[in-house]
Structures are given as C-alpha cells and as structure tokens.
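# Analysis of the macromolecular model
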Amino acid sequence: MLLREVEYARPGSIEDALAILGSNPNARALAGGQTLINVMKARAAAPDVLVDLNGLDELRGIDLAGDGTLTIGAMTTYSELMGSAEAKARPILGEVCATIADVQVRNRGTIGGNVCSNDPTNHLPPLMVAVGARMTIAGPEGEREVPAESFFLGVYLTAVGQGELLTRISIPAGKKDGFAAVTLGAEGTCICNAAASVNGTVRVALGCVDAVPVLVTADSPDGVAGAVRATNLMPPSDVHASSEYRTRLAEILATRAAQEAASR
Ligand SMILES: Cc1cc2nc3c(=O)[nH]c(=O)nc-3n(C[C@H](O)[C@H](O)[C@H](O)COP(=O)(O)OP(=O)(O)OC[C@H]3O[C@@H](n4cnc5c(N)ncnc54)[C@H](O)[C@@H]3O)c2cc1C
C-alpha cells in the first residue's frame, strides 16, 4: 500500500529536530524506518511530519570509556554494533544484533529505533533491562537519564515523550551475559525471549510475555525458573503460541540465558 501524504524534514542539529517535533504533536522521528514506514504503509500510524534523524552525526557512534562503560548513539545501526571493536567490550550486544531479522534490517535498523518502538517481540528491550542500560532523553528542558527498567511503559510506549528524542544509551562494563529465544524461523520474530546478566545476582529480563520486559532476579541460574514462576506471568495467546506455552517457554529460556551468562 502507498504511504499517505506526509511532510519530510531533515534537521541539521538535535536542537532543530526537537524544535520541529515540539511544534507539531503529530510529528514523528524517523530512524531506520524498519518499523515506522511499515506501520505507516499499513495505516496503523499516520504522522503529519517525518523528522529524519539520519543527518545527525551527534546521534551516532560508540564510545568506550576507561571504566568499560559503553555510550552508544541512538542512531547506531545493528550492523555498526556488530562490527564495532568498542562494542566487543560487551559482546552480547553484537551477538544479539546479529540475530535480528535479515541483513537489510540490520543495516538500517537502529538501537534507538528498536527500544523507542518497544514492540514487545523486539530483541533489544529485554537486553537493555538485563544489562542495566541507562537511556538519555533530550527535550526542550534539556537532558534527563532514565534507567532501562523505567524506560519501557507499555506496548509502543516509552519514557520518550512528545517533543523529545532518545539521544544515547549507556551500558556499564560486564561480560557475563546471555540471551535465549524461540523464534518463528531462523531469523524471525520472537515468540518468547530472555536476556540475562550475572553480576553477583542473576538478572533476567523476559520479552514477549507482557507489554514491557519483565525483570526477575535470582541468586543463581538454578533459582531462575522458580523466580519466573513466582511472577505469575499471564502472557498473551496468539496464533503462534498459547499463553500456557509462552509461560513454560519463559521459564526455560530464562534458565538457558542465565546459564549462558554464568558460564562466561
Ligand atoms: C522484516 C522485519 C523483521 C524484523 N524482525 C525483528 C526482530 O526479530 N527483532 C527485533 O528486535 N526487531 C525486528 N524488526 C524491527 C527492526 O529491528 C526495527 O529496525 C526496529 O524495531 C526499529 O528501528 P528503526 O531504527 O528502524 O526505527 P524506526 O522504524 O525509524 O522508528 C521506530 C519508532 O521509534 C521512534 N524513534 C526512532 N528513533 C528515535 C529516537 N532516537 N528518539 C525518539 N524516538 C525514536 C520512531 O518515531 C518510531 O515511532 C524487524 C523489522 C522488519 C522490517
């Protein structure tokens, strides 16, 4: 289906982008377009103005600080994360990006677009929660930082408000991470996924079982299945999996991700 008529802006700075987004409640940021353009074609979204972030070099790049903290610009693509020497400081990032969809999506899709769409089947929201990422949001009043576990508010809804932009994501040092998913086909959409990180305790964030990633903690991988059970998940049923099947998958995938994280 053809797109509805839409205005297009290509700002030259974050300030200009914020000004356009702030002046029109129906303006939307355009990152890789791998979700937004598809929902526009399906008429599930009909913005008046697309504010293309692709000219903003300030939103790109991966920086590795001396203490191992990674700072990743919101417009960094999955392929850039996979190929970055700096991002190898937290190897799970490139490993998970390499499993998202196909090479075209990986070349265009951005870390910022992935988390800002907060599709519950996406790979990166649970990963950001598990690794304890912090999101920087810019708006007319300046910048604020939001921990990943408070960033995801609902299906397609995040802490990025109207007239704001996610500018970068900070990820602390660490290597003991894991990820497990059951997908529709080799590079397909997740039916259920789990990201884990071990740093003293085991943190596991589950995807596809609720509107936002569900965080559970345990003392060891052996305790993860029980911790998942104790959250009394009520995942959705759909054509791919019943609620009961997703509940069982969540326990199994959480344990697999935690075991992988602990073994590193
Ligand atoms: C065939 C196909 C299969 C896919 N399979 C998967 C999959 O298995 N797993 C997965 O995780 N993803 C999957 N995706 C989605 C893909 O990863 C998208 O790239 C991602 O969801 C959105 O990133 P984007 O950069 O394309 O953002 P866009 O589509 O450009 O934007 C998405 C949303 O985020 C907003 N936004 C973008 N950047 C910012 C910002 N910096 N600040 C504020 N708001 C912003 C936009 O306004 C829009 O509402 C798939 C996509 C396709 C086409």
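Anyway, here's the lowdown on the structure attached to this text.

What counts, and at which threshold
Residues numbered from 1 in each chain as written. Predicted model: local features only at pLDDT ≥ 70, side-chain atom pairs only at ≥ 80, totals over all residues. Heavy atoms only, no water. Near = heavy atom within 4 Å. Polar contact = N/O pair within 3.5 Å; in protein donor to acceptor, adjacent residues only side chain to side chain. Areas by Shrake-Rupley, 256 points an atom, 1.4 Å probe, with all protein chains shown as cover. Helix = DSSP H or I, 4+ residues; strand = E, 2+ residues; numbered from the N terminus. Salt bridge = Lys/Arg side-chain N within 4 Å of Asp/Glu carboxyl O. Buried < 20%, exposed > 50% of the residue type's maximum accessible area, 1.4 Å probe, protein only. Arc of directions from axis to C-beta. Contact = heavy atoms within 4.5 Å. Pairing = 2+ DSSP bridges. Axes fitted to C-alpha atoms, helices over the stretch in contact; angles between N-to-C directions. Phe/Tyr/Trp six-rings, centres within 6.5 Å; stacked < 30°, edge-to-face > 60°. 1 Å grid on protein atoms, 1.4 Å probe; cavity = no way out; pocket = protein on both sides within 12 Å on 5 of 7 lines; lining within 4 Å. Points joined across faces, edges and corners; volume = space filled by probe spheres on them. Nonpolar A, V, L, I, M, F, W, Y, C, P; charged D, E, K, R; others polar.

It is worth spelling out the site of the ligand at this point. As a structural note, the neighbourhood of the ligand is formed by 28 residues, with Ala29, Gly33, Leu36, Tyr78 and Thr110 the closest of them. One of the backbone N or O atoms of glutamine 34 is found 2.8 Å from an oxygen atom in the ligand. In this structure, an oxygen atom belonging to the ligand sits 2.8 Å away from a main-chain N or O atom of histidine 123. Relative to its unbound accessible area of 970 Å², the ligand is 85% covered by the protein chains. Listing elements by their share of the shell around the ligand, those giving two or more residues are strand S2 (27-30), helix H2 (36-41), helix H6 (111-117) and strand S10 (165-171). Per-element tally for the shell around the ligand: the top contributor is H6, with four residues.

Tallied over the full model, the rule gives twelve salt bridges. The salt bridge partner of glutamate 251 is arginine 229, with a shortest N-O separation of 3.3 Å. Pair noted here: glutamate 251 is in helix H10 (residues 243-262) and arginine 229 is in helix H9 (residues 224-230), with a separation of 22 residues, a long-range link. Notably, a salt bridge pairs aspartate 238 with arginine 246, separated by 2.9 Å at the nearest N-O pair. The class for aspartate 238 is partly exposed, based on a relative accessible area of 38%. In this structure arginine 246 comes out as buried when scored by relative accessible area, which is 4%. Connected via shared salt-bridge partners are Glu95, Glu260 and Arg264.

Okay, helix H1 (residues 14-23) next. Looking only at H1, the buried set comprises Ile14, Ala17, Leu18 and Leu21. On an axial view of H1, the arc spanned by its buried residues comes to 100°, and they lie on one face. Relative to its buried face, H1 has exposed residues pointing more than 90 degrees away, namely Glu15 and Ser23. Looking at the packing, one finds that the buried side of H1 touches S2, strand S3 (49-52), strand S6 (134-139) and S10.

Let us look at unusual backbone geometry. Positive phi is not limited to glycine here, since asparagine 118 has a value of about 40°. The topology assignment puts asparagine 118 in the loop between H6 and helix H7 (124-130). Here tyrosine 156, not a glycine, exhibits a phi torsion of approximately 60°, which is positive. By secondary structure assignment, the location of tyrosine 156 is in the loop between strand S8 (152-154) and strand S9 (157-158). Judged by its relative accessible area of 55%, tyrosine 156 falls in the exposed class.

This part covers the environment of valine 146. With respect to the secondary-structure elements, valine 146 resides in strand S7 (residues 142-147). Here valine 146 falls in the buried class, since its relative accessible area comes to 9%. Measuring from C-alpha to C-alpha, the distance between valine 146 and proline 221 comes to 28 Å, with 75 residues separating the pair along the chain. Leave out the neighbours within four places in its chain, and valine 146 touches Arg134, Met135, Ile137, Phe151 and Ala159.

In space, the four strands of this open sheet follow the order S11-S12-S13-S14, with antiparallel pairing throughout. The two strands at the open ends of the sheet, each matched to only one other strand, are strand S11 (177-183) and strand S14 (214-218). Taken pair by pair, the neighbouring strands of this sheet meet at an average axis angle of 15°, ignoring direction. Judged from the five bridges that link them, strand S13 (residues 201-207) and S14 form a sheet pairing that is antiparallel. Across the sheet, the residue bridging to alanine 205 is leucine 215, located in S14.

Aromatic ring pairs are defined here through the distance separating the ring centres and the angle between the ring planes. The full count for this structure, using the stated rule, is one aromatic pair. Consider the rings of phenylalanine 151 and phenylalanine 152, whose centres lie 5.1 Å apart with planes at 85°: the pair is edge-to-face. A relative accessible area of 0% means that phenylalanine 151 is categorised as buried.

All right, on to the layout of surface pockets then. Quantified by volume, the second largest pocket comes out at close to 170 Å³. What lines the second largest pocket is a set of 14 residues, and nearest its centre among them are Ile14, Glu58, Glu143, Thr167 and Arg168. Listed by contribution, the elements that provide at least two residues to the lining of the second largest pocket are H1, strand S5 (70-73) and S10. Classifying every residue of the lining of the second largest pocket by side-chain character gives five nonpolar, four polar and five charged.

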